[in-house]
Amino acid sequence: MLFYSFFKTLVGQPVTVELKNDLAITGVLVSVDQFLNIKLDNIKVVDEGRYPHMLAVKNCFIRGSVVRYVQLPAASVDTALLQDAARRERQQPAAGVRK
């Protein structure tokens, strides 16, 4: 849930999503869900020569299971906050685990 919560804070920010088929798409993050499905507006394909059929596309929905990387603007990432959140999540007892 840490990544989901983090990505929700980036709505409205430009991101680049690289897919497992090597297609890289840059656009404005509109929404993200718990499966890390991503919706982008105002998209632009990074390698337009290789994917000319994508020139007419203005927005897209990307299934979370096909995402390889998400590149974020450096100014939007607060590493201290992420480290603290990861530490707190690790310290919480796992649901359904008995001692």
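Here we summarise the structure given alongside this text. (Residues numbered from 1 in each chain as written. Predicted model: local features only at pLDDT ≥ 70, side-chain atom pairs only at ≥ 80, totals over all residues. Heavy atoms only, no water.)

Further remarks concern the sheet that holds strand 2 (residues 24-32). Across the sheet, which stays open at both edges, the five strands sit in the order 4-3-2-1-5 with antiparallel pairing between neighbours. Where the open sheet ends on each side, the last strands, each with one partner, are strand 4 (59-62) and strand 5 (67-71). Shown here is a sheet whose adjacent strand axes are inclined to one another by a mean of 40 degrees, direction ignored. As defined by bridge partners, strand 2 adjoins strand 3 (residues 38-45) across six bridges and the pair is classed as antiparallel. (Pairing = 2+ DSSP bridges. Helix = DSSP H or I, 4+ residues; strand = E, 2+ residues; numbered from the N terminus. Axes fitted to C-alpha atoms, helices over the stretch in contact; angles between N-to-C directions.)

Right, let's talk about the pairing of strand 1 (residues 14-19) for a bit. Consecutive side chains of a regular strand alternate in pointing toward one face of the sheet and then the other. By the criterion of burial, strand 1 is predominantly enclosed, with five of the six residues buried. Pairing between strand 1 and strand 2: five bridges, direction antiparallel. Of the residues in strand 2, the one forming a bridge with glutamate 18 is alanine 24. Taking the residues between adjacent antiparallel strands as the criterion, strand 1 and strand 2 are bridged by four residues, where aspartate 22 takes a positive phi near 75 degrees. Bridge analysis of strand 1 against strand 5 gives four bridges, and the strand direction is antiparallel. The residue of strand 5 that forms the bridge with threonine 16 is glutamine 71. (Buried < 20%, exposed > 50% of the residue type's maximum accessible area, 1.4 Å probe, protein only.)

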